[in-house]
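Tertiary structure, described
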Amino acid sequence: MNAIDLLIQDHERLKDLLTRLTESTERAVKTRTELLQKLEMELTMHTQIEEQILYPAYKEAGEKDDVKMYYEAKEEHRAVDSLVFPDLKATDPSTLEFSGRAKVCKEMLEHHIEEEEEEMFPRARELFDEARLVEMGEQMTQLKARMKKELTAVKAA
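Residues numbered from 1 in each chain as written. Predicted model: local features only at pLDDT ≥ 70, side-chain atom pairs only at ≥ 80, totals over all residues. Heavy atoms only, no water.

**A look at the overall build of the chain**
For the chain, the helix and strand inventory stands at 5 helices and 0 strands. The linear arrangement of helices and strands in the chain, starting from the amino end, is α-α-α-α-α. The C-alpha radius of gyration computed for the chain amounts to 16 Å, which stays within 12% of the reference 15 Å derived for 157 residues, consistent with globular compactness. Looking at the chain as a whole, 41% of its 157 residues qualify as buried. Across the chain, every contact between residues at least 6 apart in sequence was considered, and the portion connecting residues at least 24 apart equals 77%. Distance from the positive charge centre (24 side chains) to the negative charge centre (36 side chains) of the chain: 6 Å. (Helix = DSSP H or I, 4+ residues; strand = E, 2+ residues; numbered from the N terminus. Rg over C-alpha atoms; globule rule 2.2 N^0.38 Å. Buried < 20%, exposed > 50% of the residue type's maximum accessible area, 1.4 Å probe, protein only. Contact = heavy atoms within 4.5 Å. Lys, Arg positive; Asp, Glu negative; His and termini not counted. Charge placed at Lys NZ, Arg CZ, Asp CG, Glu CD.)

Rendered as structure tokens:
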């Protein structure tokens, strides 16, 4: 699978988890906790494969506007990873505060996904031929498999 198709598939999974999380109620503590754990794992893997494989290649192959988009995308990842998601994880899932934070997290991620899918990914298809996109997709698949093993082992320990 090529890198762009793989990332879009990830986006669909993330959007589904976010929708299920934001549609859950304060009483669904167990469901919210499980969804949050799944979301964290998917988000961690997705962010890493983008930042380790697609983004550096995109920045290197691109022009000034592409480099600007690269930095914007990295900053959006940082905002979610360092600020929004840690706050959400630290919030009691039985509260309205959790509902609010989950909604903000969903909106930020959906905005980021939309920008990638409407601007960055079409541009990446121009910058890279299909063979290169497939090669990056294979690298992403391998990295995700390694990370999933590591994250699952950490969670089980």
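**What to know about the nonpolar core**
Nonpolar side chains in soluble globular proteins generally cluster together in the buried interior. Ranked by size, the top nonpolar core spans 24 residues in total, and within it Leu54, Met120, Phe128, Met136 and Met140 carry the most contacts. Setting aside its immediate chain neighbours within four residues, Met120 contacts Leu54, Tyr55, Tyr58, Met69, Tyr70, Ala73 and Glu115. In terms of nonpolar packing, the next biggest core, distinct from the first, is built from 16 residues, Leu36, Leu43, Val80 and Val84 among them. (Core = buried A, V, L, I, M, F, W, Y, C linked by side-chain atoms within 4.5 Å.)

**Concerning helix H4 (residues 96-127)**
Relative to the 46 Å expected for 32 residues at 1.5 Å per residue, H4 spans 45 Å between its end C-alpha atoms, a close match to the ideal helical length. Along H4, the sharpest kink reaches roughly 40°, centred on Glu116. (Expected span 1.5 Å × (residues − 1). Bend = angle between axes of the 7 residues up to and from the residue.)

**Regarding the packing of helix H3 (residues 64-89) against H4**
One way to put it is that H3 packs onto H4 with a least axis distance of 10 Å and a crossing angle of 160°. Taken together, the axes of H3 and H4 lie roughly antiparallel to each other. As for how H3 packs across H4, the hand of that crossing is left-handed. (Axes fitted to C-alpha atoms, helices over the stretch in contact; angles between N-to-C directions. Parallel < 35°, antiparallel > 145°, perpendicular 65-115°, else oblique. Left-handed = near helix turned anticlockwise from the far one by under 90°.)

**Details of the side chain of Arg32**
With respect to the helices and strands, Arg32 occurs in helix H2 (residues 29-61). On the accessibility criterion, Arg32 (1% relative accessible area) is buried.

**Section: the UniProt feature "domain: Hemerythrin-like" (unreviewed entry) in the chain**
Sites flagged by UniProt as "domain: Hemerythrin-like" (unreviewed entry) map to residues 3-124. Helix makes up 89% of residues 3-124 and strand 0%, with an end-to-end C-alpha separation of 10 Å. (UniProt positions renumbered as here; feature names shortened; annotations may be inferred.)

**Digging into H3**
Spanning 26 residues, H3 covers 36 Å between terminal C-alpha atoms, matching the ideal 38 Å at 1.5 Å per step. Residue Val80 marks the point of greatest curvature in H3, where the axis turns by about 35°. Regarding H3, the residues found buried are Asp66, Met69, Tyr70, Ala73, Glu76, His77, Ala79, Val80, Val84, Phe85 and Leu88. Tucked into the core, H3 has its buried residues touching helix H1 (3-23), H2 and H4.

**So, the environment of Lys64**
Locating Lys64 in the fold gives a position in helix H3. In this structure Lys64 comes out as exposed when scored by relative accessible area, which is 71%.

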